[in-house]
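As a plain string of letters, each chain reads:
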Amino acid sequence: MKTIKRKVKCGCCGNETEILEIDSLYIDDYSLEQCPKYQYQLEMVQECQWCQYCGWDIERLIDNKTKCLVNSENYKEYFKDNSENREIQRLKAAIRITDDIKQKIQLYFTLCWYLEFENKMEETKQMREKIVGLLEEELTKEPPFEQVLIYIECMRRLGRFVECQSIIDEIDSLVEQKIDCEDITYMVFQYEKELIEMKDSSKHMISEI
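Residues numbered from 1 in each chain as written. Predicted model: local features only at pLDDT ≥ 70, side-chain atom pairs only at ≥ 80, totals over all residues. Heavy atoms only, no water.

Caption draft 1: Highlighting helix α4 (residues 101-117). Taking 1.5 Å per residue, 17 residues should reach 24 Å; α4 reaches 24 Å between its end C-alpha atoms and fits that length. Counted residue by residue, α4 has 12 buried out of 17 residues, so it is predominantly covered. All of the buried residues along α4 are Lys 104, Ile 105, Leu 107, Tyr 108, Phe 109, Thr 110, Leu 111, Cys 112, Trp 113, Tyr 114, Leu 115 and Glu 116. Against α3 (86-97), α5 (121-139) and α6 (145-157) lie the buried residues of α4. Just beyond α4, the residue with positive phi is Asn 119, at close to 60°. (Helix = DSSP H or I, 4+ residues; strand = E, 2+ residues; numbered from the N terminus. Expected span 1.5 Å × (residues − 1). Buried < 20%, exposed > 50% of the residue type's maximum accessible area, 1.4 Å probe, protein only. Contact = heavy atoms within 4.5 Å.)

Caption draft 2: Spotlight on the side chain of Glu 33. Relative to the helices and strands, Glu 33 is located in the loop between β2 (16-24) and β3 (46-47). In this structure the side chain of Glu 33 is engaged in a polar contact, spanning 2.8 Å, whose partner is the side chain of Trp 113. At a separation of 2.8 Å, a polar atom in the side chain of Glu 33 contacts the side chain of Arg 128. Not counting residues up to four positions away in its chain, the partners in contact with Glu 33 are Phe 109, Trp 113, Arg 128, Ile 150, Glu 153, Cys 154 and Arg 157. (Polar contact = N/O pair within 3.5 Å; in protein donor to acceptor, adjacent residues only side chain to side chain.)

Caption draft 3: Broad picture of the nonpolar core. Among the nonpolar cores identified, the biggest contains 61 residues, and Tyr 53, Val 70, Phe 109, Leu 135, Ile 152, Ile 171 and Phe 189 are the most heavily contacted of them. At the level of secondary structure, the elements contributing two or more residues to this core comprise α1 (64-70), α3, α4, α5, α6, α7 (161-178) and α8 (184-197). It is α4 that provides the largest number of residues to this core, a total of 9 residues. The contacts of Ile 152, once residues within four sequence positions are left out, are Cys 164, Ile 167, Ile 168, Ile 171, Phe 189, Glu 192 and Ile 196. (Core = buried A, V, L, I, M, F, W, Y, C linked by side-chain atoms within 4.5 Å.)

Given below as structure tokens:
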């Protein structure tokens, strides 16, 4: 992995701040939930060194309501525990201030994976439950099949096998009709069916298929 430092203008306080970005990265394997194989391969959230505004893109201007939130004592609490991974703190802060559902899902996933890599399994479970709730909102909008697979995978990781099987029974015949058997999504779906039948809630990688 190669990283670079870049100066940006903060979209909250307007000050110039330095951020670290991934310039190049090779990922040779990832989980069925699309988590990279190693922790260092996870996405990094940007943080302003002056006001602690956090997000995927802190150059993006924010409204006054969000600025007030960033400057509040409640927001600053995220950064007071020196024993906690700074990236985890940034993710929690970024989640707190975004109303964009797709961004929130991406942030929750990344936070979930950081916590899992650090073996904080109870917090990991809590984040995954929040993801499931958000994905259920998206599922009402006729999402792509890939997102349905991610939803099934999250449910499986939570051990909700009966609900997983119900979804599979509902879409199984449609998948057989519409998805080519050589397509990776078809292979993942079939593997999910096997894991659910075995009541396996552990992490599995794409390379296992």
